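Breakdown of the fold
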Amino acid sequence: MFQDTFANELATRVGSMVEVATDNNLIEGILSTVTADLVLVIEVNGGYGENTTLYLSVDAINFVRFPSATA
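Right, let's walk through the structure included here. Predicted model only: the values in this text are computed from it and were never measured.

Some details on the nonpolar core
Formed by 13 residues in total, the largest nonpolar core has its most connected members in Leu10, Val20, Leu31, Val34, Val39 and Val41. Residue assignment for this core shows that the elements contributing at least two residues are α1 (2–11), β1 (17–21), β2 (26–34) and β3 (38–43). The contacts of Val20, once residues within four sequence positions are left out, are Asn25, Leu26, Ile27, Val41, Leu56, Ile61, Phe63 and Val64.

Describing the sheet that holds β2
What links the strands of a sheet is backbone hydrogen bonding, and the strands pair in either a parallel or an antiparallel sense. Pairing in this open sheet of five strands is antiparallel, and the strands run β4-β3-β2-β1-β5 from one edge to the other. Since the sheet does not close on itself, it has two edges, and those belong to β4 (52–57) and β5 (63–65), each with one partner. Geometrically, the sheet is characterised by an average inter-axis angle of 45° between neighbouring strands, direction not taken into account. α1 contacts β2, β3 and β5 of the sheet and is inclined by roughly 85° relative to β2.

Remarks on the pattern of salt bridges
When their charged atoms lie close together, side chains carrying opposite charge are able to pair. Evaluated as defined, the whole model comprises two salt bridges. A salt bridge links Arg13 to Glu9; its shortest N-O distance comes to 3.1 Å. By relative accessible area, which is 34% here, Arg13 ends up partly exposed. The class for Glu9 is partly exposed, based on a relative accessible area of 39%.

Notes on α1
Listed as buried for α1 are Phe6, Ala7 and Leu10. Projection of α1 onto a plane perpendicular to its axis shows the buried side chains occupying an angular sector of 95°, all on one side. Packing partners of the buried residues in α1 comprise β2, β3 and β5.

Conventions and cut-offs
Residues numbered from 1 in each chain as written. Predicted model: local features only at pLDDT ≥ 70, side-chain atom pairs only at ≥ 80, totals over all residues. Heavy atoms only, no water. Core = buried A, V, L, I, M, F, W, Y, C linked by side-chain atoms within 4.5 Å. Buried < 20%, exposed > 50% of the residue type's maximum accessible area, 1.4 Å probe, protein only. Helix = DSSP H or I, 4+ residues; strand = E, 2+ residues; numbered from the N terminus. Contact = heavy atoms within 4.5 Å. Pairing = 2+ DSSP bridges. Axes fitted to C-alpha atoms, helices over the stretch in contact; angles between N-to-C directions. Salt bridge = Lys/Arg side-chain N within 4 Å of Asp/Glu carboxyl O. Arc of directions from axis to C-beta.

Keep in mind these values describe shape, not function.
See the structure below:
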């Protein structure tokens, strides 16, 4: 039940900068897509090269933080 509420809240913030923590990783990027089971985060490189897209299972997420734009 909480997973559905969590995914619905994340879906309202698509397009935002996000930090997503799992047991093993801290991923920073743009929240691109949210479904009931998966979250897509695009890690944006500051320089040349390809951006990295990461699919995360919603139930593997420990916490999500939305850093403020005025830091």
